[in-house]
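Each chain, written out:
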Amino acid sequence: MIRTWCATLLAVACLTTQVAAQQPNQRQLDSLAAQLRQLRAKVDSLLAAQGRKPSAPTPVGDDLAALRAAASQAAGGGGRDTTQGDTLSQAMGRERNQAQLNPEIGVTGDIRGYATGRGVQGDNFDPREFEIGFQSALDPYSHTKIFVSLEGGHVSVEEGYAYWTGLPGHLRLDFGKYRQQFGELNRWHLHAVPETEYPLAITTFLGEDGLSGTGISLYRAFGGLGTHELTAQVTRSASDSELFGNSGRPTYLVHLLNFWQLNHSTYMQIGGTALYGTDPDSALRTKIGGLEFRLTWRPPLRAMYHEWTLRGELLALKKEVAGTGPTRLGGYVSSTYKLNQRFILGARYDYVESPDFGVITRQIVPSLTLWQSEWVFLRAQYQWQRIANAPADHQIALQAVWAIGPHKHETY
């Protein structure tokens with residue numbers, strides 16, 4: 001019986017300690033003190049009934065200190081009060097051990113196999129890219145992402161930048177090398193796009209690997225009749241040297257994206273991009289504008305099994321030398337539909353005019369993706385391409401993408 005009351009006394013003491021840690025009010029303290037005195041009186045009466053001498057009453061605070069000391073001794077603390085030491089060690093960040101200081105590391109492999117209508121080629125199998133990604137929170141205010149690409153026997157930094165969030169005005173600041181926010185798909189890494197390659201308009205106007213550069217980026221999201229995102233970037237372009245004459249001068253990009261949730265399962269976004277750069281040595285001025293559209297249907301209760309997305313972009317390129325130059329157009333429309341949990345059916349139509357002579361190229365690209373898991377997907381794709389006044393080309397591609405680490409098939 002005495003053990004039961006002692007256990008109850010200890011439980012009340014622990015509860016008192018927890019409440020004290022939460023800064024209780026005076027009424028709670030008085031109530032707990034009264035309960036503790038009642039329990040102490042019952043224990044003393046039981047001791048007296050067994051012929052033992054009750055101990056002299058002590059203040060509530062002393063009782064709690066004695067209970068803490070007894071608990072510490074039972075746990076191997078030798079009766080030493082470790083409260084101050086624990087508080088000091090927590091303030092010094094004892095939990096930040098070496099493993100937690102390491103960055104998150106992810107590796108992605110992208111392998112292709114091709115068959116064309118021209119017969120057996122010498123590069124039917126292509127280890128397209130192996131990408132190593134490092135990500136880490138540097139401190140509560142800044143983060144970093146670094147992506148190293150191993151492609152064609154060459155090692156390069158695809159992206160490497162730090163970014164700060166929570167700045168005045170709800171701004172986000174990026175500084176370093178990054179894929180620029182032109183439209184929707186240019187920002188994505190190649191292994192994450194819905195087909196095996198970027199759309200023709202992106203590779204023709206912005207460079208074979210899309211538009212990227214080293215510089216500074218400011219991002220701001222705001223509300224009002226939907227959700228809106230504004231991005232402004234100043235970079236030294238590292239993409240197609242012919243786009244800006246390889247002048248090394250800054251290029252300027254502004255991107256506005258507008259998002260609307262139409263209902264519980266459907267959302268739509270419309271955006272626009274403007275890019276400008278010059279080369280004074282050749283009197284070159286390059287202007288590129290883009291419009292983007294995306295409509296996605298994803299039922300919340302069936303999102304793992306069904307999803308439909310329709311997206312498209314329209315690009316206009318104008319390269320002026322001494323104030324004159326033609327305007328070339330390009331764009332694409334694509335759609336993906338998730339048949340079930342594993343298979344995704346896709347199709348894309350491309351149209352682009354070459355920057356120099358305006359030669360038109362068209363493509364139709366249907367695909368079937370087996371989303372084996374979060375770590376692995378396989379894709380089969382057919383490509384029909386026709387350049388004006390030339391026979392059509394046919395290609396069948398097989399793609400395998402796999403990832404290890406905490407970031408699977410990351411978009412960017």
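Q: Looking at this structure, how should I read the overall build of the chain?
A: In terms of regular secondary structure, the chain is built from 6 helices and 16 strands. For the chain, the residues scored as buried account for 37% of the 412 residues in total. Excluding contacts between residues fewer than 6 apart, the proportion of contacts in the chain whose partners are at least 24 apart in sequence is 50%. Carbon and sulfur atoms make up 60% of the accessible area of the chain, which totals about 23200 Å².

Q: Just checking my understanding: could you explain the environment of Phe125 for this structure?
A: Tracing the backbone through its elements, the reader meets Phe125 in strand β2 (residues 125-139). Classification of Phe125 as exposed rests on a relative accessible area of 70%. Each C-alpha atom, one on Phe125 and one on Tyr114, is 6.3 Å from the other, the two residues being 11 residues apart in sequence. Setting aside chain neighbours within four positions, we find Phe125 in contact with Arg112 and Gly113.

Q: How should I be thinking about the packing of aromatic side chains in this particular structure?
A: The description of an aromatic ring pair uses the distance of the two centres, along with the angle that the planes make with each other. The tally for this structure, following the rule as stated, stands at 5 aromatic pairs. Taking 5.1 Å as the distance between ring centres and 35 degrees as the angle between the ring planes, the aromatic pair formed by Phe259 and Tyr267 counts as tilted. When its relative accessible area of 27% is taken as the criterion, Phe259 is described as partly exposed. Take Tyr267: its relative accessible area is 13%, and that puts it in the buried class. Here the guanidinium or amino end of Arg172 rests over the ring plane of Tyr163, the centre of that ring lying 3.9 Å away.

Q: Explain the side chain of Thr196 to me, please; I cannot follow it from the model alone.
A: Note on placement: Thr196 falls in the loop between β5 (171-179) and α6 (200-206). Under the relative-accessibility criterion, Thr196 is labelled buried at 2%. Of note is the side chain of Thr196, whose polar atom sits 2.8 Å from the side chain of Gln381. Apart from residues no more than four positions distant in its own chain, Thr196 is found in contact with Arg112, Leu190, Arg379, Gln381 and Gln399.

Q: Mind showing me how you'd approach the pattern of salt bridges here?
A: When the charged atoms of two side chains with opposite charge come close together, those side chains can pair. All told, the structure shown has 14 salt bridges when counted by the stated rule. Salt-bridge contacts for Glu197 lead to Arg112; the nearest nitrogen and oxygen are separated by 3.0 Å. Of this pair, Glu197 sits in the loop between β5 and α6 while Arg112 is found in strand β1 (residues 104-116), placing the two residues 85 residues apart along the sequence. Arg311 serves as the salt-bridge partner of Glu184, at 3.4 Å between the closest nitrogen and oxygen. In this pair, Glu184 is assigned in the loop between β5 and α6 and Arg311 in strand β11 (residues 307-321), connecting sequence segments 127 residues apart. It is possible to trace a salt-bridge network through shared partners that takes in Asp110, Arg112 and Glu197.

Q: Would you mind going over the side chain of Gln381 with me for this structure?
A: Along the chain, the position of Gln381 falls in strand β15 (residues 376-387). With near-sequence residues (within four places) excluded, Gln381 lies in contact with Glu195, Thr196, Val365, Pro366, Ser367, Gln395, Ile396 and Ala397.

Q: In this structure, what is going on with a nonpolar patch on the surface? I would like to understand it.
A: The grouping of Trp297, Tyr337, Leu339, Phe343, Leu345 and Leu368 at the surface amounts to a nonpolar patch, some 490 Å² of accessible area in total. Tracing the backbone through its elements, the reader meets Phe343 in strand β13 (residues 343-353). Of the residues examined, Phe343 reaches a relative accessible area of 33% and is grouped as partly exposed.

Q: Can you help me understand the nonpolar core in this one?
A: The nonpolar side chains of soluble globular proteins are, as a tendency, buried together. Residues Phe182, Leu206, Leu211, Leu275 and Ile288 are the most contacted members of the largest nonpolar core, which totals 21 residues. Looking at this core, the elements with two or more residues in it are α6 and β11. Considering each element in turn, this core owes the most residues, 5 residues, to α6. When residues no more than four places from it in sequence are discounted, the contact partners of Ile288 are Phe182, Phe205, Leu206, Leu243, Thr273, Ala274, Leu275, Ala316 and Leu317.

Q: Help me understand unusual backbone geometry in this model?
A: With glycine set apart, most residues show a phi of negative sign, and most peptide bonds adopt trans. Positive phi, close to 55 degrees, is recorded for Leu225, a residue that is not glycine. Residue position: Leu225 is located in the loop between β6 (212-223) and β7 (227-237). A relative accessible area of 81% means that Leu225 is categorised as exposed. The phi dihedral of Ala283 falls on the positive side, at around 55 degrees, and the residue is not glycine. Along the polypeptide, Ala283 turns up in the loop between β9 (266-279) and β10 (284-297). Accessibility expressed as a relative area gives 40% for Ala283, which makes it partly exposed.

Q: Explanation requested: the pairing of β13 in the structure shown.
A: Working note: regular strand, side chains alternate between the two faces of the sheet. Across 9 bridges, strand β12 (residues 327-338) lies against β13 in antiparallel orientation. Bridge pairing in β13 places Ser334 opposite Arg348. A loop of 4 residues connects β12 with β13, the two strands running antiparallel in sequence. Linking two consecutive strands that pair antiparallel, namely β13 and strand β14 (residues 360-370), is a turn of 6 residues; a positive phi of about 75 degrees is found at Gly358 within it.

Q: I tried to follow the confidence of the model for the chain on my own but got confused; where do I start?
A: Keep in mind that low pLDDT regions are not for reading the predicted coordinates in detail. Of all residues in the chain, 76% attain a pLDDT of 70 or more, and the chain-wide mean is 83. Here helix α4 (residues 83-91) stands out as the element of the chain with the lowest mean pLDDT, 44, in contrast to β13, whose mean of 98 is the highest. Note on residues 19-23: pLDDT is under 50 here. Beyond four places in sequence and across chains, it has 3 contacts.

Q: What exactly am I supposed to notice about the pairing of β10 here?
A: Inspection of the sheet shows β9 paired to β10 by 14 bridges, in the antiparallel sense. Across the sheet, Ala274 pairs through a bridge with Gly289, a residue of β10. A loop of 4 residues connects β9 with β10, the two strands running antiparallel in sequence, and Ala283 in this loop sits at a positive phi of about 55 degrees. Looking at chain direction, β10 and β11 are connected through 14 bridges and run antiparallel. Across the sheet, the residue bridging to Leu295 is Leu310, located in β11.

Conventions adopted
- Residues numbered from 1 in each chain as written.
- Predicted model: local features only at pLDDT ≥ 70, side-chain atom pairs only at ≥ 80, totals over all residues.
- Heavy atoms only, no water.
- Helix = DSSP H or I, 4+ residues; strand = E, 2+ residues; numbered from the N terminus.
- Buried < 20%, exposed > 50% of the residue type's maximum accessible area, 1.4 Å probe, protein only.
- Contact = heavy atoms within 4.5 Å.
- Areas by Shrake-Rupley, 256 points an atom, 1.4 Å probe, with all protein chains shown as cover.
- Phe/Tyr/Trp six-rings, centres within 6.5 Å; stacked < 30°, edge-to-face > 60°.
- Lys NZ or Arg CZ within 6 Å of the ring centre and 35° of its normal.
- Polar contact = N/O pair within 3.5 Å; in protein donor to acceptor, adjacent residues only side chain to side chain.
- Salt bridge = Lys/Arg side-chain N within 4 Å of Asp/Glu carboxyl O.
- Patch = residues over 30% accessible without salt bridge, like charges linked within 9 Å, V, L, I, M, F, W, Y side chains within 5 Å.
- Core = buried A, V, L, I, M, F, W, Y, C linked by side-chain atoms within 4.5 Å.
- Pairing = 2+ DSSP bridges.
- pLDDT = per-residue confidence, 0-100.

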